[in-house]
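# Report on the structure
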Amino acid sequence: MKPKKIALIFLLGTLMSIAFMVGVFLLSEDMIHRQRDVFIRRYPHHPANKENAFDLGFKSYYIAGVGDGKIYLGNKTAPGHLVEVDTMLTDTTHIKIRLDDTDLPFRSPQVRVNPPDFYVFDGQVPCIFKGNTRDWKGSLMMKDDAYFSFAEPIDTTSVVFRAISSSTNEKILGKFTVSDSVTVSLTADLLQKQIDGIFCTDGKLLFGKELNKLIYVYFYRNQFVVADTDLKLDYIGKTIDTISKAQINVAAIDSEKSTTLTSGALIVNKHSCVYNNYLFINSNMLGKYEDEDMLKHASIIDVYDINKNTYEFSFYLYNYKTKKARSFQVYGNLLIAMADNYIVTHKLRSNQFKGMKINEVTNIN
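Residues numbered from 1 in each chain as written. Predicted model: local features only at pLDDT ≥ 70, side-chain atom pairs only at ≥ 80, totals over all residues. Heavy atoms only, no water.

### Quick notes on the pattern of salt bridges
We apply this condition: Salt bridge, as applied in this entry: a Lys or Arg side-chain nitrogen positioned within 4 Å of an Asp or Glu carboxyl oxygen. Numbering of helices and strands runs from the N terminus, with a helix taken as a DSSP run of H or I at least four residues long and a strand as a DSSP run of E at least two residues long. A 1.4 Å probe rolled over the protein chains alone gives each residue an accessible area, and that area as a share of the maximum for its type sets the label: buried under 20%, exposed over 50%, partly exposed in between.
The full count for this structure, using the stated rule, is 13 salt bridges. Between Lys 143 and Asp 144 there is a salt bridge, with the nearest N and O atoms lying 2.7 Å from each other. The salt bridge involving Lys 213 is made with Asp 234; its shortest N-O contact spans 3.0 Å. Taken as a pair, Lys 213 in strand S16 (residues 213–218) and Asp 234 in strand S18 (residues 233–238) lie far apart in primary sequence, 21 residues in all. Lys 213 gets classed as partly exposed once you look at its relative accessible area, which sits at 22%. Taking the relative accessible area as the measure of exposure, Asp 234 reaches 39% and is therefore partly exposed. Linked through salt bridges whose partners overlap, the residues forming this network are Arg 41, Glu 290 and Asp 302.

Below, the structure is given as structure tokens:
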């Protein structure tokens, strides 16, 4: 055999070997990042159907709260401004919030509306204002007691929050209780550190009003924490995928005495909300037989029963005008989603939510 032919055969063999190794690597990466062929979802027939949509004009709006047949939208770029929308998305009212102390150095204020109460938080001041939706006047409820990154009101005198511990420099959960003075309760037991205690414990803090339970859904692992309002653990639940440890890489920034993500992290649970006894989680993981192309057109929503600690079923939340849902909230038989500059409502079919406490919403004008 001629040397040139031998060299050509050797080159082709080398290229095929490289292509094979690259293919195996890409497949393994896909398996890691999507966990394909590991778990199987249950998809009933059309449990959620689009009802209405409304163009808000800007994508800076977020769901601040829902109640009494109204949806309240906060605005990240205009924190003192709210938009009230009826559940049919046909009538809007603009609301101006007035606070009794406007000289505070606000940095990232957030609004929560739980009729008849509303709250304005800024954990970097730190401060909490509370008021009534009758006049939208907020009075200072707490100031300078503890810094926090996220907060949720649980009743008229208590607010749960997430913060960074000054002693461990790790994420913890806490509670403000306001009477004649402010009492701060902290717990380091609910959030379980895996890597750095900051990014590995990142997640969404929710309050289930009907169950009077706190739920914390981790972003980077297949777990959520259920606790009572005294910050006592009820149980640790698992989502149906198999990512039990956060797949992130972090590095220390010595000059700032902080840590940062050094590469793209695998997000397992992107968004979540709770309504009555059910937890809705927007999963980023593909199960067995699921087509990755579907993720271009819809978001996967997994439904869990908090009372029974069980996975119930899943459904697709389809994009609106190619825009994927960036957050959502369930209220009665409506799923309310924010998709870019649109607010979109979907009706949950009660026959598919058999045994679930899903109440019909009647529009209130």
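Let us keep going from here.
### Regarding the sheet that holds strand S17 (residues 223–227)
This is how the line gets drawn: Pairing between strands requires that DSSP locate at least two bridges from one strand to the other. Axis lines are fitted through C-alpha atoms, for helices just across the contact stretch, and the angle between N-to-C directions can take any value from 0 to 180 degrees.
Pairing in this open sheet of four strands is antiparallel, and the strands run S15-S16-S17-S18 from one edge to the other. The sheet is open, and its two borders are formed by strand S15 (203–208) and S18, each paired with just one other strand. Strand-to-strand, the axes of this sheet are offset by a mean angle of 20 degrees, without reference to chain direction. One ladder, built from four bridges, connects S16 with S17; its direction is antiparallel. Looking across to S17, one finds that Tyr 216 is bridged to Val 225.

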